[in-house]
Amino acid sequence: MSKSIKLAILGLGTVGTGVVNLINDNLDELKRRSGRDIVITEVGVRRQRDDIDPNIMQTSDLMATAASDNVDIVIELIGGTTLARDVIMHAIKNGKHVVTANKALLAEHGNEIFAFAEQHNVHVAYEAAVAGGIPIIKVMREGLAANKIDWLAGIINGTGNFIMTEMRDKGRPFADVLNEAQALGYAEADPTFDVEGIDAAHKLALLASIAFGIPLQFDKVYCEGITGITLQDVNYAEELGYRIKHLGFAVRRAGNGSGDDSAGIELRVHPTLIPQNALLANVNGVKNAVLVNSHPLGQTLYCGDGAGAGATASAVMADVMDLVRVLGCKDADQQNSNGHHVPHLAFIPEKLSDTPILRAEQMISGYYLRVHAYDSPGVLADITRILSDAGINIDAILQKPAHKLGQVPVIILTLPVVEAQMNLAIEKIEKLDTITDKVVRIRLDELT
Ligand SMILES: NC(=O)c1ccc[n+]([C@@H]2O[C@H](COP(=O)([O-])OP(=O)(O)OC[C@H]3O[C@@H](n4cnc5c(N)ncnc54)[C@H](O)[C@@H]3O)[C@@H](O)[C@H]2O)c1
Ligand SMILES: N[C@@H](CCO)C(=O)O
Ligand code: NA
């Protein structure tokens, strides 16, 4: 067997420990598939540990490991966007390939990191950064390479999906389920990233780039989390045949062809009503799923565990296995190993497009509206008139009996509408004397 592949694992938390365990459990399988011995030579830890194989060097000097002659591939699993960035840049500068699960870092600094890697003829692999164990990066960059992708929609935060599933199915309180997600190793170091949609926005930025061949633009992702979802809305949605899921959408809009600015790409993460019988509506717990609509293939769905030690380690090591082959090519041909690898963002860097990202007011979706009104004659007519004046088509209306002080919740589902039109209509509805509260709105998508 040819020379062994030497790994450094930086950070032995949930994912780092998962990777060590996977290597121990599946070593023979890894060898049989790669034709190489795969050995961990160094681990980056905050302090010395006594549960690590004594043949592995333990160090807190991550920068030294990133440059070590005893390392071929640096696996960054410490998280964060400061030291992790410095360590990765240092590894690249020293000719090391890098594997990372750090979506926050790549969403914010990926353009710079990938350009630096290309300049130094190394690769930064990031399968674990999106949808955990689902090999979605591989699918999008390689499996769908001959397709034009029109849109994708995905459940891309395991913690959020776990919380919403447990709340809906078992009526458990939000904080209680979040604690469990943290104990299970699903949540980010700062769990507000999970529940406020930021983690999903990081992943959506990555998915959109490899779907459409655009630079990473995390700052342009419209982002809403799950903290505002009430059991009341979950139940009304179910009554109307829908389920609320937290989804990320990346949608290519052709525009109306009249030279206005409605052509571009929508990047948004938010709770969404989807039909109960849609496959995505039945993806529960820590599972993630990504639905991709591409031409000529059509819709395909990818599903699996989106977080946790084993699932994420699986993705990290799949990247290592790819890099083992790149290293093999490099051994054979010292000239250029980049030629043997798919581009970081799926399209060759010079061909990335500057298609604009649409602003929130330009985005198009259906809506669920919950309006609270006094139970007086004509109130429903007033609301529907405002919607029809704004050119908004109503798909369904549900009026519940007056529940307190003569107030009635009115639930309205609309067909897709440009957000600016909906904003104006809601402003007018809220000005009616008969309306008692702010209108609650949740986007709705039929996923067709
Ligand atoms: N947990 C998951 O399910 C999951 C899934 C996909 C991606 N990720 C990503 O993987 C990365 C790691 O996540 P995690 O859940 O394993 O986090 P974690 O907090 O469990 O582990 C991080 C580890 O890094 C160590 N560390 C931090 N700074 C260090 C330093 N300077 N020197 C040495 N060690 C240091 C910490 O002590 C900790 O053990 C993050 O970028 C996260 O976003 C996590
Ligand atoms: N905190 C993330 C980890 C996987 O990226 C999640 O719950 O999806
Ligand atoms: Na993945």
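So, here is what we can say about the structure in this document. (Residues numbered from 1 in each chain as written. Chains lettered and ligands numbered in written order. Predicted model: local features only at pLDDT ≥ 70, side-chain atom pairs only at ≥ 80, totals over all residues. Heavy atoms only, no water.)

**A few points about the coordination of the sodium ion (ligand 3)**
Each protein donor to the sodium ion (ligand 3) is listed here as Glu127 (O), Glu127 (OE), Val130 (O), Gly132 (O) and Ile134 (O); together their distances run 2.4 to 2.6 Å. Mapped onto the sequence, the donors of the sodium ion (ligand 3) take the spacing E-x2-V-x1-G-x1-I. Accessibility classification places Glu127 together with Ile134 in one group, the buried group. (Donors = N, O, S within 2.8 Å, 3.2 Å for Na, K, Ca; no water. Buried < 20%, exposed > 50% of the residue type's maximum accessible area, 1.4 Å probe, protein only.)

**Observations concerning the pattern of salt bridges**
If you walk through the whole model with that rule in mind, you get 29 salt bridges. The residue Asp37 makes a salt bridge to Lys31 at a minimum N-O spacing of 3.2 Å. When its relative accessible area of 26% is taken as the criterion, Asp37 is described as partly exposed. Between Arg359 and Glu361 there is a salt bridge, with its nearest N and O atoms 3.1 Å apart. Classification of Arg359 by relative accessible area gives partly exposed; the value is 46%. Owing to a relative accessible area of 35%, Glu361 belongs among the partly exposed residues under this scheme. Through salt bridges with shared partners, a single ionic network connects Glu166, Lys170, Arg172, Asp176 and Glu180. (Salt bridge = Lys/Arg side-chain N within 4 Å of Asp/Glu carboxyl O.)

**Looking at the site of ligand 2**
Near ligand 2 you find Lys103, Asn157, Gly158, Thr159, Tyr186, Ala187, Glu188, Asp194, Asp199, Lys203, Gly306 and Ala307, and these make up its full shell. Within the side chain of Asn157, an N or O atom sits 3.4 Å from an oxygen atom of ligand 2. Between Tyr186 and ligand 2, the recorded distance is 2.7 Å, taken from a backbone N or O atom to a nitrogen atom. Considered on its own, ligand 2 offers 250 Å² of accessible surface; in the complex 94% of this is hidden by protein. Elements that contribute at least two residues to the shell around ligand 2 include exactly helix H6 (158-170) and helix H9 (198-212). Of the residues in the shell around ligand 2, the class split is three nonpolar, four polar and five charged. (Near = heavy atom within 4 Å. Polar contact = N/O pair within 3.5 Å; in protein donor to acceptor, adjacent residues only side chain to side chain. Areas by Shrake-Rupley, 256 points an atom, 1.4 Å probe, with all protein chains shown as cover. Helix = DSSP H or I, 4+ residues; strand = E, 2+ residues; numbered from the N terminus. Nonpolar A, V, L, I, M, F, W, Y, C, P; charged D, E, K, R; others polar.)

**Comments concerning the side chain of Gln217**
Within the secondary structure, Gln217 sits in the loop between H9 and strand E8 (222-223). Apart from residues no more than four positions distant in its own chain, Gln217 is found in contact with Leu267 and Ile357. (Contact = heavy atoms within 4.5 Å.)

**A word on H9**
Taking 1.5 Å of rise per residue, the 15 residues of H9 would be expected to cover 21 Å, and the 21 Å separating its terminal C-alpha atoms lies within 8% of that figure. With 14 of 15 residues buried, H9 lies mostly within the body of the structure. Phi turns positive one or two residues past the end of H9, at Gly213, with a value near 70 degrees. (Expected span 1.5 Å × (residues − 1).)

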